[in-house]
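# Structural overview for review
Chain by chain, the residues:
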There are 2 protein chains.
Amino acid sequence: MSDLTRSVGIVKAQIAEFDTPLHLASAAVLPAYQLCFETYGTLNAARSNAILICHALSGHHHVAGRYAADDKAAGWWDNMVGPGKPIDTDRFFVVGLNNLGGCHGSTGPSSINPATGQPWGSSFPVVTVPDWVRSQARLADRLGIDRWAAVIGGSLGGMQALQWSIDYPERVAHALVIASAPKLSAQNIAFNDVARQAILTDPDFHGGDFYAQHAIPRRGLRLARMLGHITYLSDDGMGEKFGRMLKSGDYQFGFEVEFEIESYLRYQGDKFSDYFDANTYLLMTKALDYFDPAKDLNDDLVAALRKASARFMVASFTSDWRFSPERSREIVKALVAADKEVVYGEIESVHGHDAFLMLDEPYVKLMRAYLNRVAEEVNA
Amino acid sequence: MSDLTRSVGIVKAQIAEFDTPLHLASAAVLPAYQLCFETYGTLNAARSNAILICHALSGHHHVAGRYAADDKAAGWWDNMVGPGKPIDTDRFFVVGLNNLGGCHGSTGPSSINPATGQPWGSSFPVVTVPDWVRSQARLADRLGIDRWAAVIGGSLGGMQALQWSIDYPERVAHALVIASAPKLSAQNIAFNDVARQAILTDPDFHGGDFYAQHAIPRRGLRLARMLGHITYLSDDGMGEKFGRMLKSGDYQFGFEVEFEIESYLRYQGDKFSDYFDANTYLLMTKALDYFDPAKDLNDDLVAALRKASARFMVASFTSDWRFSPERSREIVKALVAADKEVVYGEIESVHGHDAFLMLDEPYVKLMRAYLNRVAEEVNA
């Protein structure tokens, strides 16, 4: 069995309850909340081998393994996390969690607000990347982890890794920032806003309080996800996979599914709208838009990163146009200017933004090599 | 007054009625139709100085001039068409028309179907670029134009110019194909499909027969247009113009307009949904998806273009990612391989796909130089 096929096996989600109020960037206060998380591997006696995995827009705590032997799908990063895999659970204690505002077990808009006995809905506060990091730090406290061997994330997850290194310098040995950006561009925000508008203007959204109406803004979520998928794939990758292939032999001259790419997108949109919470989608895109660690420092990213004491790995993918290599290079340049140690990999891939979830060989090699070094430090 | 400020002045749209049935690519037959058009300049005695302007997705016949002295806006290509302008109405007789299926005066889904006395709505047939070209050829007959000095178009308009050169080789002296592509990529189709799904799933769409319901699928049209605009601008151009600028000084932590780019997109979407017909939008995007002159020739674009006898100008814009320069180069390479004469300009511009409507200096120079040559031939 190759290393990449071994699994952490059957896993179980856990819940951590927090009763200390959490003061958010918006000035709102969350009186109490719970975080849903999973762990894989064993925390060593020195408590020095813990790795935090931060998820992206639609991710969650179920990073690796399965809940039952006959589960069709494994965790979302099962190809990267497991025994003998680049994030090696034989050597690391790996923690995955669902972020605050999520819809997979952590407190979010679809949770019951104890103050009202109703789902939070539109009254759930807007959360930011720094808010998440603060809530995650409390989880680390709970688990007895003073310092992460590494905080790792792709896309929005990479932003959390970066924020960790800034907000808790003493608690992060390594930050791995993959397929990410130091802040969104106008185009990035524009795509998010179209997705949000699709949800907000869906008549079934009911201003965010659709739960009580037994409605789901499926149309809006579906469009948001279809659009998202276009930005996750590269033009070339989509061309290679779908091209102009037709479902049936020839043009149908109507508005049913006609090209294979349409079939793929509509399927992805339909599937997503069945399980993802519309309010969570809005919150996650806002967290993306707001992320800007240099904002209160006159746009000086170098000044923001100077606070960090972690060492960094930054990786980007050549065909990623959502967060292009150029955006990662901005981070690298600022890290270098701030006298931080950084390894940068710009990986040739046709898989676009999604490449951070795939196993392009140079990417796997980079992750493995970097994390080997981290493991050696931990056990030194 | 500089050449670029002179105008064709006050113009008037005309209607041409056609009673001979038009057989469409879909096998449907349009028993009769009308085309709305405008002309500028004077047809010379030899009838050799006529130029046809083909419009893109949301364009129409009102290419230049104003309908009244106090009209706020001029025709959509007024900066390029007029006395002394690159498409010089002192030398050319310029024809603009609204395509079949349109919503600006030519027969389309919002027109009354004489057979029923009701708007065509969902029963209006799907039209293709070759269908348009055939309907335009009849307009040329009506105007007594055997041969166009040039057929010119940007984007979807460029596809019509290319199709003209293939379908009526003897009737086109020059074809100017700007910011266009030989066929859509999977990504192009994907964006169109998201836009269509936004319209098709809008509860106010009523399967295309919303006119009778006194409804307009505004939500869907608005989303389609917002999305369209993202693809018309370049990432860099959007960054320069909007960046991360906020409407009010700081983050609002809500879902109202927050960034300037959101304000711009929502405004564009709102405006568009007030005047554009949803069924026309669907038809135009389908015409884009279907365009593929090499489809029935084993994908051999060279074979398709071999039929042409026109000379060509192809132009692309460096920051256009909707139809990138690479797509124009595909056309150029096929033209060269088919032994056709072609001038190609790859124009440095930050304006993205929209650049074909703007006045980047190298673009204006290229158009002027090329059309000067055409004018000299006409008057030789």
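Residues numbered from 1 in each chain as written. Chains lettered and ligands numbered in written order. Predicted model: local features only at pLDDT ≥ 70, side-chain atom pairs only at ≥ 80, totals over all residues. Heavy atoms only, no water.

### Thoughts on the relation of the copies chain B and chain A
Each copy superposes on the other: chain B lies on chain A with an RMSD of 0.0 Å after a rotation of 180 degrees and an axial shift of 0.0 Å. Taken together, the rotation angle and the small translation identify this as a two-fold axis. A shared binding surface is used by both copies, with 100% of the interface residues of chain B retained as interface residues in chain A. (Least-squares fit on C-alpha atoms with pLDDT ≥ 70 in both. Contact = heavy atoms within 4.5 Å.)

### What to know about the packing of aromatic side chains
On inspection of all chains with the given rule, the structure shows 40 aromatic pairs over all chains. For the ring pair Phe210 of chain A and Tyr211 of chain A, a centre distance of 4.3 Å and an interplane angle of 40 degrees mean the geometry is tilted. Looking at Phe210 of chain A, the relative accessible area reads 3%, which means it is buried. Both rings, one in Phe276 of chain B and one in Tyr281 of chain B, keep their centres 6.1 Å apart while their planes meet at 85 degrees; by these two values the pair is edge-to-face. Residues Phe276 of chain B and Tyr281 of chain B agree in their burial class; the two are buried. (Phe/Tyr/Trp six-rings, centres within 6.5 Å; stacked < 30°, edge-to-face > 60°. Buried < 20%, exposed > 50% of the residue type's maximum accessible area, 1.4 Å probe, protein only.)

### Quick notes on the UniProt feature "active site" (unreviewed entry) in chain A
Residues and elements named next belong to chain A. Residues annotated in UniProt with the feature "active site" (unreviewed entry) correspond here to Ser155, Asp320 and His353. Across 199 residues of sequence, these annotated residues stay compact in space, with a maximum C-alpha separation of 10.7 Å. Position of Asp320 among the secondary structure elements: in the loop between β13 (311–317) and α9 (325–337). Beyond its immediate chain neighbours, meaning those up to four positions away, Asp320 contacts Ala179, Pro325, Gly352 and His353. (UniProt positions renumbered as here; feature names shortened; annotations may be inferred. Helix = DSSP H or I, 4+ residues; strand = E, 2+ residues; numbered from the N terminus.)

### Quick notes on the confidence of the model for chain A
Where the model shows low pLDDT, its predicted coordinates should not be examined in detail. This prediction gives chain A a mean pLDDT of 97; 99% of its residues lie at or above 70. Both scores are given for the predicted complex: the pTM is 0.97, the ipTM 0.96. (pLDDT = per-residue confidence, 0-100.)

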